[in-house]
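Chain and residue survey
Next come the chains, spelled out residue by residue.
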Amino acid sequence: MVDYHAANNQSLYSAGGQQTYMEQENDWDRDLLLDPAWEKQQRKTFTAWCNSHLRKAGTQIENIEEDFRDGLKLMLLLEVISGQDLHPEASSSFAAFQSCVKCCRGAELMFSRGFVFVLIRWKVCENSSCFCAGERLPKPERGKMRVHKINNVNKALDFIASKGVKLVSIGAEEIVDGNAKMTLGMIWTIILRFAIQDISVEETSAKEGLLLWCQRKTAPYKNVNVQNFHISWKDGLAFNALIHRHRPELIDYDKLRKDDPVTNLNNAFEVAERYLDIPKMLDAEDIVNTARPDEKAIMTYVSSFYHAFSGAQKAETAANRICKVLAVNQENEHLMEDYEKLASDLLEWIRRTIPWLENRAPEKTMTEMQQKLEDFRDYRRVHKPPKVQEKCQLEINFNTLQTKLRLSNRPAFMPSEGRMVSDINGAWHKLEGAEKGYEEWLLNEIRRLERLDHLAEKFRQKAAIHESWTDGKEAMLTQKDYETASLSEIKALLKKHEAFESDLAAHQDRVEQIAAIAQELNELDYYDSPSVNARCQKICEQWDALGSLTQSRRESLERTEKQLESIDELYLEYAKRAAPFNNWMEGAMEDLQDMFIVHNIEEIQGLITAHDQFKSTLPEANKEREAIQAIQAEVQKIAQYNGIKLAGNNPYTTITPQSIDKKWEKVQQLVPQRDQALQEELARQQSNDHLRRQFANQANMIGPWIQNKMAEIGRISIEMNGTLEDQLTHLRQYEQSIIEYKPNIDQLEGDHQLIQEALIFDNKYTAYTMEHLRVGWEQLLTTIARTINEIENQILTRDAKGISQEQLHEYRTSFNHFDKDHSGVLQAEEFKACLISLGYDVENNKQGDAEFARIMGIVDPNNSGAVTFQAFIDFMSRETTDTDTADQVIASFKILAGDKNYITAEELRRELPPDQAEYCIARMAPYTGPDAVQGALDYMSFSTALYGESDL
C-alpha cells in the first residue's frame, strides 16, 4: 500500500527517494489507530471530491467503500478525471486536435448543427504521441457476480498503475469486500495523481508546490501562517485568505476573528460552495474538534482552491476583442429580429386574409352580396396598399442586412423556416390568386342572384295568373246542373264544357312553365325554395284534379246529350274564338309586364326589335277582336229580330265581350309602357358603353406607360452613367416621377369603381383589366425601389471595402460584357467566362471545375445558378481585403478561460460588459468534452458559428 504521508515528498513518483510501500501502509494503519477521527474526515473529504467529478457524468456516491465495490463508478470516476490530461498541441490548435483524432481508433467525432463534440472511447491507440495515449479504460463488465466486480476493479487499478503509480497491498478483492482502509488509500492515490501531482510553483511540485502556493497567497494576511496541512488551517483564516486574495468581493476579511474558528470555517466553506463551485468537503466541527486535522483531507480540500484560482489572467485584451465582434453580431441580430418580426406580421396578415378571400358562403339576397362587394373594394383601396409597401420594405431590409453581413465577414442571413423572401412572395402570390378568385365569385354570385330574383318574380306572376284562372273551376266541374236542365240547356252545358276543355288545354303550357321555373329555382339553390315547391306542388295537384273532374263531367253530359236538341252555333263559335283570343291577350299582357335583364346594347336592341314585331301583329289581333264582337252582335240582332229573350250570358263560355274589351284596353296601355321601359334600358346601356370607352381610353394609355417604365428601369440598372451617387440621385428622381403619375392610377380606379357599380362585367374596347394594371403598378414601384436599394448596397460595399469608382466601373463593364442577354445576372457559363478573362484558373478540367464550384458556393449560396452584380462585387472585393477570423476570436476566449477548452458564466460576467456577457451565456452550448465541469460553456463552437463555419 502507498505511504500517503510519504507522498508529501516531491520525489514520490520519481526515481529517487525510494521508500517501501509496505512502510507506507504501516504508516497509514498507524494513523488510523492513533486517531480514528481522521478516517471520518477522509470519508467526508474523499466522498465530496469524488462526487465533484462524478456529477459531471450525472451520478454520485453515498458510501465510499460500498459504492465502489462493483468497480463501475470507480471506472467512471477515472474516465472523468483522466480526461484533464490533454495533448499539449490540442490546447493551442484545433487542427492539432483533429490530427490526434485521426490517429486514434478510439475516438469519434460527432457533429450536431455545426458544434463539434469529442467522445473518447478507451481503446488502444497506436500513436504514442497522441494526447489520449496511456489513458485507456476497457469496457466495464455489467454482470453482478463477484468475478465481474473483481474484474472491473482490476481494470481500474491497472489504469492507475499505467499512470506511474505503484500500488502495494491494494487488491481488487479488498475493494470488492468493502475494506474501508484499502478503499480510502486507493482514493488518496487517485487524488495525489490527478489533483496534486501536477501542481508546480517555482520549481516545486506536488505537496511542496501546493504549500508554497498557499504561503505566497496568504502572506499579506494577519494571523495567517501556513506551515503545514493540518494545524495551520484549524482556525479557518487561511481558507478565507485564499478566497479574499482572488475574489475580494466575496469576503469581508477584516471582520473575521481568530478566536471564532467555527464561524470562519463555515464562512469559507459556504462561499466556496456557492460562488466557486467547490463542494463542501468537511464540516467546521470536524476540524475544530480534533487536535490535529487530517492532512490528506486538508490537502484534498486546498487543492480544489488551487485549481479554482490558478487561471485568471490576460482577460482584458481578450474581452475587448470579443466585445467588438459581439457588438457587430448584436447589431446584425437586431436587424434579423426586425426582419423576422416584419415577415411574421406580413405572413400573419396574409394568413388571416386568405381564408376571408376563400370564403364562398353565398348570401340570400342581392343587398347582402352587394355589401360583400363593397367590403372587397374597401380591402382593395384601404387594407392592401400598406401591405404592398411593407412587402417592398421587407425585401429592401433583407438586401441591406445581407450586405452588412458580407461586409463584416459573417455568413449570409437565412431566415427561419417559412420566412424566406421566396416564401413571402409565394404567400403573396397565393393571396393575389385568392383575391382574383374571390372577385370573380362575387360577380358570378351577383349574376346568379339577379337570375334568381327574376325567376322568382316570374314564378309568382305566372302562379298568380294560374291560381286566378283556376279559382272556382273545381266547384263548376262538380255541380249537378245538368240533371234538371232542358235539352237546349244540356247541349249548352256540353258545348260550354268543350270550351272549358279548350281553355284547360290552353293553360297546360303555363302549368309546365311554372313547374320548369320551380325546377330551375331549386337547381340554382334559391333560398325560398320550400315555399316555391309547396306552391308549385299545390298547382300541379289542383291541375291533376281539374283534369279528372273535367273528364268526369264530360262523361255525364254525353250520357244526356241524346235527350237534348240543338244549340246556338253562334254562341259556340263565339266561345271557341273568344277563348284562344283571350289566352293570347293574357299571354301578351304577361309578356308586356315580364322583367328583363340585359348587359349590352345588342341585347336591348334585340328586345326592342322583338317588341316592334309584336306591335306589328296588333292590327290583325284587333280584326280578330272585332270579328268576335261581331258574333256577339249577330246573336243580339237575331234575338231581337226573332223576339227571343236571352237568358243571361253565353252558356258556352265565361268570356264576355266586356272582358275582351277590357283586356284589349289593358294591352293597349301596356304597349307604350313597355316602349318606355325598353328605351330607358337602352339609355342605361348607352351610358354603360360610355363608361367602358372612358375606362378603355385611360387603360390603353396607362398600360403601355407602365411597360415602357419597366423597360427603362431595366436599362438604367445595366448602364453605368456617372458615379454611384449620380445614379442613385437619378433613380430617386425617376422614382419621384413615377410616384407623381399616381393620380392617373387613382382616376382609373375611380372609373373602374363606376363600372363595377353599374354592374358592367366586360369591356370589348380594351385588353387591360384593372387587376392587370394594379399588378403592373405594384411591380413598377417594387422594381424601382429594389434598383435603388442595389445602388445603395453598392455604395455601402464601395465605402466599406475601399473600392474606387474606376474599379466599380471596370466591374460593371466586365459584368455587362458577359451578360449577353442583358438580364442583369450572369448564368454559370457566363460567370465562368468572366473569371477566365480575369485570370482565374477555372478551365474545364478537374482542378478548374473544383475551383469554379468553390467560387460559385461563395457568390451563389442559394444554388440559383445565377450571379447578381452585387454578389460579383462582393466576390471581387473579398479577394483583396482581410477581416477577423474565427481562430482569432477562439484564441481570445481561450485567454479569458485561462487556457481551458471551456469557459464558465462567472468568467464571462467578470471579464465582459454585462449585456455582452449575457449574450454569450444565452447562445453558448454546454461544453461536453472529457474535461467539462458543471456550467462549462463551449466557446469554440460559438466562435465558429459567428463566422458561418457552424450554426448558433
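Residues numbered from 1 in each chain as written. Predicted model: local features only at pLDDT ≥ 70, side-chain atom pairs only at ≥ 80, totals over all residues. Heavy atoms only, no water.

**A word on the environment of Ile-424**
Just so we agree on the cut-off: Secondary structure elements follow DSSP: runs of H or I no shorter than four residues count as helices, runs of E no shorter than two count as strands, and numbering proceeds from the N terminus.
Turning to its location among the elements, Ile-424 is positioned in helix α16 (residues 421-470). A C-alpha to C-alpha distance of 9.6 Å links Ile-424 and Glu-395, two positions 29 residues apart in sequence.

**With respect to helix α10 (residues 237-246)**
For the α-helix, the turn length of 3.6 residues means that residues three or four positions removed from each other point alike. Let me state the cut-off plainly: Categorising residues by exposure relies on relative accessible area from a 1.4 Å probe, with only protein chains included: less than 20% of the type maximum marks a residue as buried, more than 50% marks it as exposed, and the intermediate range marks it as partly exposed. Two residues form a contact once any of their heavy atoms are found within 4.5 Å.
The buried fraction of α10 amounts to seven of the 10 residues, a majority that puts the element mostly inside the structure. Along α10, the residues classified as buried are Leu-237, Ala-238, Phe-239, Asn-240, Ala-241, Leu-242 and Ile-243. As for α10, its buried residues are in contact with α9 (206-218), α11 (261-275) and α13 (295-309).

**Let's talk about the side chain of Glu-590**
Examined against the element boundaries, Glu-590 turns out to sit in helix α21 (residues 569-592). Owing to a relative accessible area of 10%, Glu-590 belongs among the buried residues under this scheme. In this structure, Glu-590 is in contact with Lys-462, Ile-465, Arg-510 and Gln-513, ignoring residues within four places of it in sequence.

**What to know about the packing of aromatic side chains**
This is how the line gets drawn: Note on aromatic pairs: the rings of Phe, Tyr and Trp (six-membered ring only in Trp) are paired at centre separations within 6.5 Å, and the planes decide the class, stacked below 30 degrees, edge-to-face beyond 60, tilted for the rest. Consider the ring centre and the ring normal. A charge sits over the ring if Lys NZ or Arg CZ is within 6 Å of that centre and within 35 degrees of that normal.
Under the counting rule described, the total for this entry stands at 28 aromatic pairs. Judged by centre distance (6.4 Å) and plane angle (45°), the ring pair of Phe-305 and Phe-309 falls under tilted. Taken as a pair, Phe-305 and Phe-309 lie in helix α13 at a separation of four residues, close to a single helical turn. For Phe-305, a relative accessible area of 0% translates into the label buried. Measuring from ring centre to ring centre gives 6.2 Å for Phe-398 and Phe-413, while their planes differ by 50°; the resulting arrangement is tilted. Linking Phe-398 in helix α15 (residues 366-407) with Phe-413 in the loop between α15 and α16, this pair joins segments that are 15 residues apart in sequence. Taken as a pair, Phe-398 and Phe-413 share a single burial class, namely buried. Among the aromatic side chains, those forming a connected cluster through ring pairs are Phe-229, Trp-233, Phe-239, Phe-269, Tyr-301, Phe-305 and Phe-309. Here the basic side chain of Lys-473 rests over the ring of Trp-469, its NZ or CZ set 4.8 Å away from the ring centre.

**Some details on the packing of helix α4 (residues 72-82) against helix α8 (residues 180-196)**
Worth spelling out the cut-off: Interaxial angle, 0 to 180 degrees, is taken between N-to-C directions of lines fitted to C-alpha atoms, where a helix line uses only the stretch in contact. Every angle not falling under 35 degrees, over 145, or within 65 to 115 is termed oblique; those three ranges are roughly parallel, roughly antiparallel and roughly perpendicular.
It is the contact of α4 with α8, at a shortest axis distance of 11 Å, that shows an interaxial angle of 10°. Regarding the angle of α4 to α8, the classification is roughly parallel. Contact with α4, carried on its side by Leu-74, Leu-78, Ile-81 and Ser-82, involves Met-186, Ile-190 and Phe-194 of α8 and no other residues of that element.

**Let's talk about the environment of Ala-886**
The residue Ala-886 is located in helix α32 (residues 886-896) in this model. A C-alpha to C-alpha distance of 8.7 Å links Ala-886 and Met-940, two positions 54 residues apart in sequence.

**Comments concerning the UniProt feature "domain: EF-hand" (unreviewed entry) in the protein chain**
This is how it is decided: UniProt positions are given in the numbering used here, feature names are shortened, and annotations may be inferred rather than shown by experiment.
The feature "domain: EF-hand" (unreviewed entry), as annotated in UniProt, sits at residues 806-841 and 847-882 in this numbering. Helix makes up 64% of residues 806-841 and strand 8%, and the two end C-alpha atoms of the span are 25 Å apart.

**What to know about the confidence of the model for the protein chain**
To keep it simple, the criterion reads: A residue's pLDDT is simply how confident the predictor is in it, with values from 0 to 100.
For the protein chain, per-residue confidence averages 78 on the pLDDT scale, and 85% of positions sit at 70 or higher. Contacts from residues 84-134, a stretch scored under 50 in pLDDT, to residues over four places away or in other chains number 87 contacts. Counting interchain partners and residues more than four positions distant, the pLDDT-below-50 stretch residues 563-567 has 15 contacts.

**Considering empty space enclosed by the protein**
As a reminder of what qualifies: A cavity here means a set of 1 Å grid points, computed over protein atoms only, where a 1.4 Å probe fits but cannot escape. A pocket is an open set with protein on both sides within 12 Å along at least 5 of 7 lines, and lining residues have an atom within 4 Å of a point. Grid points are joined across faces, edges and corners, and a volume is the space filled by probe spheres set on the points. Residue classes follow a fixed rule: Ala, Val, Leu, Ile, Met, Phe, Trp, Tyr, Cys and Pro count as nonpolar, while Asp, Glu, Lys and Arg count as charged, and any other residue, Gly among them, counts as polar.
By the definition in use, this model includes three cavities of 30 Å³ or more. Of the pockets and cavities examined, the largest cavity occupies roughly 110 Å³. In this structure, the largest cavity is lined by Phe-376, Arg-377, Arg-380, Arg-381, Glu-439, Glu-749, His-752, Gln-753, Gln-756 and Arg-774. Sorting the residues of the lining of the largest cavity by element identifies α15 and α26 (742-757) as the ones contributing at least two each. Its residues placed into classes, the lining of the largest cavity shows one nonpolar, three polar and six charged.

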